[in-house]
Amino acid sequence: MPVATASLEHLLGAQHVRTDAEALQRFRVDGLAPSAVVEPASSNELVEIVRWARANKSALLPVTSGNFLPIGNPPEALDVAVSLARLNRVVAYDPKDLTVSVEAGVRLGEVQRRLAEHNQFLPADPLFAEEAAMGGLIATNASGPLRCAYGTWRDFTIGMKFVTGEGKLVQSGGRVVKNVAGYDLARLLIGSLGTLGIITEVGFKCFPLPARRGTFLVSFPDARAALAFRDAVIQSPLQPMALELLDPAAARLLDSALVSREHWSLVIAATGVDNVIQRHQRDLDQLARKLTASSFVAHTQEHPASLWEAVRELISTARAIHPRTTIIKVGLPLASMAPFYEKALAVAARYELPAAASGHAGSGIAYIYLLEDAPKKAAQAATEMIHAGNNLGGRVTIPWCPTEVKHDVNVWGPLRDDFSLMQKLKAAFDPDRILNAGRFLGGL
């Protein structure tokens, strides 16, 4: 047995240092598998693991559920996966103050069920919403349809504990909403893919569960018409909770009888008391008639939860049906969404790649799905889409794709003007580059 593994077993106990094939393959990333998986039970144990890694020059891969591991560049090295599965408690919950603190390994579905006992929730409905653990969701800043009304994790995270690449335990913020002590370091960790520190605990502001929900489906012949309707909704007094866009191909992936498979559809959610739902139904119907929608359907008596679950999990569904799908994501000014869809789908057609399109229409987030297993063509098409998105004022990434595509295209897109600052932060938080090295923007 290698000395390094023996020292880890001494630190954690042999049962929490796994080297069996099943454990190692579970956290395989772009063809690389760790030589060991360790499972700390506390922040202090995690500190010791990081210090051990620095001393042994070992590359660490922070992991929770493993659902988001395909995101990012191939790792420069991968020696030990650090699983936070044992850090799975709800640390503190105060329903009166609308705050909750949880460890990084607890699953979002479990947290939501706990909050629902007091008619509260976290306004997050990301991909893998039931099974994904909080650490991975924060590290990737994964969001879903609800970002239209509530924003992303940055908007309701109020505190965090994490261990830096130097082996230091840091606390930022606290367990109360009004906490202004010092710079909010937690914001740096959100979306950093575990390259600055390993999150151990996060505090959130909670929200009351909506009294009622209504769902409205409006269809149009093309993206421009659908997004013109979106613009009219945004400029109206209405305040929908979600505004999702699906093209016919995405609707076919969704496989819901509620969504048109021949038109571009907007799926809209509204929440509130009866009068609010009725106001949305009346005004949306009028807008649909004014803008000559192909169809308008309201679901106000029974909330179609299965439809929203399908919309939320569309990326997972696409990858289940087409495992080597390449997915392009772009954050755009709202006015640039229609031109981007047109350009991107024209590029896909030129490369003879079957494609689908969806988006968080109220938030300016567009997705293109290249559904064929053709890495070379997908990389070329994705590169053109990156340029198209950038020219329209957007920020394009490729969060999901085969490893071969990653060798031919920059999945994070061009470097930003703040990249030198990001390099300095990486050097300050992780000077020996032991945390997820190489996987983030610019090889950070």
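*Asks:* Run through the sheet that holds strand β19 (residues 395-400), naming residues and quoting values.
*Replies:* One open sheet accounts for eight strands, arranged β15-β12-β14-β13-β17-β18-β16-β19; its pairing is antiparallel. Lying at the two open borders of the sheet, with one neighbouring strand each, are β15 (295-299) and β19. Adjacent strand axes in the sheet meet at a mean angle of 15° when their direction is disregarded. Pairing of strand β16 (residues 326-331) with strand β18 (residues 365-370), which is carried by six bridges, proceeds in the antiparallel orientation. Bridged to Thr 326 within β18 is Leu 370. Lying over the sheet, helix α14 (residues 375-391) contacts β16, β18 and β19, oriented at roughly 150° with respect to β19.

*Asks:* Describe α14, and please don't skip the residues or the numbers.
*Replies:* The end-to-end C-alpha distance of α14 is 24 Å, a good match for the 24 Å that 17 residues give at a rise of 1.5 Å each. Close packing links the buried residues of α14 with β16, α13 (337-350), β18, β19 and α15 (403-408). Where α14 terminates, the next one or two residues include Gly 393, which has phi positive at roughly 85°.

*Asks:* Tell me what's going on with the pairing of strand β9 (residues 169-173), and back it up with residues and numbers.
*Replies:* When strand β8 (residues 157-164) meets β9, the two strands line up antiparallel, connected through five bridges. Across the sheet, the residue bridging to Val 163 is Leu 169, located in β9. Between the end of β8 and the start of β9, which pair antiparallel, lie four residues, with Gly 167 showing a positive phi angle near 80°.

*Asks:* Just give me the short version of the packing of helix α8 (residues 223-235) against α13, but keep the residues and values in it.
*Replies:* Interhelical geometry of α8 versus α13 gives an angle of 160° and a closest axis separation of 9 Å. Taken together, the axis directions place α8 and α13 in an arrangement best described as roughly antiparallel. You can see that α8 and α13 cross each other, and the crossing is right-handed. From α8, Ala 223, Arg 224, Leu 227 and Arg 230 reach across to α13, where they touch Met 337, Ala 338, Pro 339, Tyr 341 and Glu 342. In the contact of α8 with α13, the residues fall into six nonpolar, no polar and three charged.

Rules behind the numbers
- Residues numbered from 1 in each chain as written.
- Predicted model: local features only at pLDDT ≥ 70, side-chain atom pairs only at ≥ 80, totals over all residues.
- Heavy atoms only, no water.
- Pairing = 2+ DSSP bridges.
- Helix = DSSP H or I, 4+ residues; strand = E, 2+ residues; numbered from the N terminus.
- Axes fitted to C-alpha atoms, helices over the stretch in contact; angles between N-to-C directions.
- Contact = heavy atoms within 4.5 Å.
- Expected span 1.5 Å × (residues − 1).
- Parallel < 35°, antiparallel > 145°, perpendicular 65-115°, else oblique.
- Left-handed = near helix turned anticlockwise from the far one by under 90°.
- Nonpolar A, V, L, I, M, F, W, Y, C, P; charged D, E, K, R; others polar.

Nothing here speaks to function; it is geometry throughout.
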